[in-house]
Amino acid sequence: MTRSSEAHSSATGPSGTGPRRYLCDLALIDGPDGTTRVEADVVLTIEDGRFTAVETGPAPAPIPAGTRHLRGLTIPGLANAHSHAFHRALRSRTQADRGSFWTWRDLMYRAAERLDPDGYHRLARATFAEMAMAGVTSLGEFHYVHHAPDGSRYDDPNAMGSALLAAAAEAGIRITLLDTLYLHGGLTADGHTPAEGTQRRYDDGSFEAWAQRVDALTAGDGQRIGAAIHSVRAVDPTAMAAIGRWAAERRAPLHAHVSEQRAENRQCLDHHGRTPVGLLADAGVLGERFSAVHATHLTDDDVALLGSTGSTVCLCPTTERDLGDGIGPTPELTAAGVALALGSDSHAVIDLFEEARATELDERLRSEQRGIHSATELLAMAGRNGHRSLGWDDAGSIAVGRRADLVTVSLASVRTAGTTQATAAEATVFAATAADVTDVVVDGRPVVTDGHHATIDVAAELSASIGRILHA
Ligand SMILES: [Zn+2]
């Protein structure tokens, strides 16, 4: 088969005008039986941001002019289901010392103190652009730095959230802004303690004040407003139930940090006599739009509750590893019917392939067994499951009618060379890195082409925006 050089030209036309065609040497597509498989010579047609044709079989020769040729393996868009954008400024700065989650949190609070809406906009735009270059087409921003450093409201009480929405739009990726309820500073056997110091930036004072603020947020195209319960430390059961009703009325995604730390479980048991999952279940918030983030230290009952309610668990293995949190019970969760999604959380690295392989490899170390989660299952965690967790049920797979997101991974780098069609999915999960992503398309729009972001000099912007935060 020969391929004409016209196939190398860029795709034509902005999003929403005229069909756009891609020829993929290899693509991970949905089969009619619901399975995913790697096919060769796949021609994709996109109109109005959706796939209108997915054709397999011998590629047409010559290739029609205007068709973009994607070499390597093209997979569905990835979803980074748990992000705190400002943590990107901490990368490499929190890895120098001994300590625990709690000593790391002190450093994180110090970075949070220095954020203002303009500085956060610039840092988030660069961070989200780094995500785009890693193949992320949707992100879930678990956003809790709402207010000025002394706890007072900005003139626009949503200045920080709006900065994050604008940042994602400029970076070219979809966002679900998980606006986070945070009412208390901690939990002891005697009850909740007040928010103090930097925590005042997170605290709206009441669920009602939070809801009034969040209801004034407006989402643009490719944007969604969801909700989050920071944790059982920061939200009491009455407020938990209220935000659960708020999310149910709006059919909005609802996330919560759950059982990342054994200390959190102890505090919750000491005061409430329930595990964090049990408490959330009592408050009525578990369900198909609910995602438990981390879910590292669970009881058998917790696993059963998450499974029976159709909840998702979002793992953040590189952060959990970095903070010394522990390893979540992934075989037990999948056996209970829990969908697993993935997030880069503290952004120690932004690489969904690394999150995916850590999910499998950490479990191998724990169980002393191999092959618990297959490569295509791990890619579904990084893609389809994450999108569903963020409310984008129509994204995360290459199939007619779905949102046209594409991520192309080079199979010609020093990490991936020698890969065949039969091993392309395994090479992507177990050997590729974010640096092997060459092309990214979001809702039919090319955002990364030949390894370059369409509009942002990402490394320079990261350097400048992090410098501004750290030297503020
Ligand atoms: Zn988090």
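Residues numbered from 1 in each chain as written. Predicted model: local features only at pLDDT ≥ 70, side-chain atom pairs only at ≥ 80, totals over all residues.

What follows concerns the overall build of the protein. Counting its secondary structure elements, the protein contains 14 helices and 18 strands. On C-alpha atoms alone, the protein measures out to a radius of gyration of 22 Å, which is about the 23 Å that the 2.2 N^0.38 rule sets for 472 residues. Each of the three principal axes of the protein carries a C-alpha extent, and together these read 75 × 50 × 45 Å. Buried positions account for 55% of the 472 residues belonging to the protein. Taking the intrachain contacts of the protein between residues at least 6 apart in sequence as the baseline, contacts between residues at least 24 apart amount to 76%. (Helix = DSSP H or I, 4+ residues; strand = E, 2+ residues; numbered from the N terminus. Rg over C-alpha atoms; globule rule 2.2 N^0.38 Å. Buried ≥ 20, exposed ≤ 12 C-beta atoms within 10 Å, placed from the backbone. Contact = placed C-beta atoms within 7 Å.)

Now for the sheet that holds strand S6 (residues 136–143). If you walk across this open sheet you meet the eight strands as S5-S6-S7-S10-S11-S12-S13-S14, and the pairing is parallel. The open sheet is flanked by strand S5 (78–83) and strand S14 (339–342), the only strands paired with a single partner. On average, adjacent strands in this sheet sit at an angle of 25° to one another, irrespective of strand direction. As judged from the six bridges shared by S6 and strand S7 (residues 174–181), these two strands associate in the parallel manner. What sits directly across from Leu139, in S7, is Ile175. (Pairing = 2+ DSSP bridges. Axes fitted to C-alpha atoms, helices over the stretch in contact; angles between N-to-C directions.)

Moving on: the packing of helix H2 (residues 117–133) against helix H3 (residues 159–171). Relative orientation of the contacting elements H2 and H3 amounts to 35°, with a least axis distance of 8 Å. Classified by chirality, the crossing of H3 by H2 is right-handed. From H2, Pro117, Tyr120, His121, Ala124, Arg125, Phe128, Ala129 and Ala132 reach across to H3, where they touch Ala159, Met160, Ala163, Leu164, Ala166, Ala167, Ala168, Glu170 and Ala171. (Left-handed = near helix turned anticlockwise from the far one by under 90°.)

As far as domains go, the protein holds domain 1 (5–76 + 396–453) and domain 2 (78–389). One C-alpha centre belongs to domain 1, the other to domain 2, and the line joining them spans 30 Å. Those elements that place two or more of their residues in the side of domain 1 that touches domain 2 are helix H13 (424–430), strand S16 (437–442) and strand S17 (445–449). (Domains from an automatic or database assignment.)

We now examine the pairing of S17. Here S17 lies mainly inside the structure; four of its five residues are buried. By the bridge criterion, three bridges tie S16 to S17 in an arrangement that is antiparallel. Each residue of the ladder has a partner; that of Val440, found in S17, is Val448. The antiparallel pairing of S16 with S17 creates a hairpin that spans two residues between the two strands, and Asp443 there sits at a positive phi of about 50°. Between S17 and strand S18 (residues 452–453), which pair antiparallel one after the other, the connecting turn spans two residues, and Asp450 there sits at a positive phi close to 50°.

Next up on the list: the nonpolar core. Grouped together as the largest cluster of nonpolar side chains are 140 residues, with contacts concentrated most on Phe128, Ala132, Leu164, Ile173, Leu181 and Leu379. Here this core gets nine residues from one element, more than from any other, and that element is H2. Shared between two domains, this core takes at least three residues from each, and those domains are domain 1 (5–76 + 396–453) and domain 2 (78–389). Excluding its chain neighbours within four sequence positions, the residues that come into contact with Phe128 are Leu139, Ala167, Ala168, Ala171 and Ile173. (Core = buried A, V, L, I, M, F, W, Y, C linked by C-beta atoms within 7 Å.)

Relative to the assigned elements, Asp436 resides in the loop between H13 and S16. Residues Asp436 and Ala219 lie 217 residues apart in sequence; the distance between their C-alpha atoms is 32 Å. Apart from residues no more than four positions distant in its own chain, Asp436 is found in contact with Val409, Ser410, Ser413, Arg415 and Thr416.

Taken N-terminus to C-terminus, the directions of H2 and helix H14 (residues 458–470) make an angle of 145°; their axes are 9 Å apart at the nearest point. Pair H2 / H14 crosses with left-handed handedness. On H14, the residues that touch Gly119, Arg122, Leu123, Arg125, Ala126, Ala129, Glu130 and Met133 of H2 are Val458, Glu461, Leu462, Ser465, Ile466, Arg468 and Ile469. The residue makeup of the contact of H2 with H14, split by class, is eight nonpolar, two polar and five charged. (Nonpolar A, V, L, I, M, F, W, Y, C, P; charged D, E, K, R; others polar.)

Spatial ordering of the open sheet is given by S3-S2-S1-S4-S15-S16-S17-S18, a layout of eight strands whose pairing is mixed. In this open sheet, the two strands that pair with only one neighbour each are strand S3 (50–55) and S18.

This part covers the pairing of S7. Counting buried positions along S7 gives eight out of eight residues, so the element sits mostly inside the fold. Along S7, one buried face is formed by Arg174, Thr176, Leu178 and Thr180 and the opposite face, lined by Ile175, Leu177, Asp179 and Leu181, is buried too. Handedness of the β-α-β unit built from S6, H3 and S7 comes out right-handed. Both S7 and strand S10 (residues 223–229) contribute to a ladder of seven bridges, which runs parallel. Within S10, the position partnered with Leu177 by the bridge is Ile225. (Right-handed = clockwise from strand over helix to strand, strands pointing away.)

Let us look at unusual backbone geometry. Positive phi, normally seen in glycine, also occurs at His294, with a value near 85°. Tracing the backbone shows His294 in strand S12 (residues 290–294). Phi is positive for Asp450, close to 50°, though the residue is something other than glycine. Inspection of the secondary structure puts Asp450 in the loop between S17 and S18.

Those residues of helix H6 (residues 262–272) that fall on the buried side of the exposure criterion are Glu264, Asn265, Gln267 and Cys268. The buried residues of H6 occupy an angular sector of 165° when the element is viewed end-on, so they sit on one face. Turned more than 90 degrees off the buried face of H6, the exposed positions are Arg262 and Asp270. Where the residues of H6 are buried, they touch strand S8 (186–188) and helix H7 (276–282). (Arc of directions from axis to C-beta.)

Moving on, we come to the confidence of the model for the protein. Across the protein, pLDDT averages 93, with 96% of residues at or above 70. Under a pLDDT of 50 for its full length, residues 1–16 has, in the predicted model, 33 contacts with residues more than four places off or in other chains. (pLDDT = per-residue confidence, 0-100.)

With respect to the helices and strands, Gly273 occurs in the loop between H6 and H7. With 9 C-beta atoms packed within 10 Å, Gly273 lands in the exposed category.

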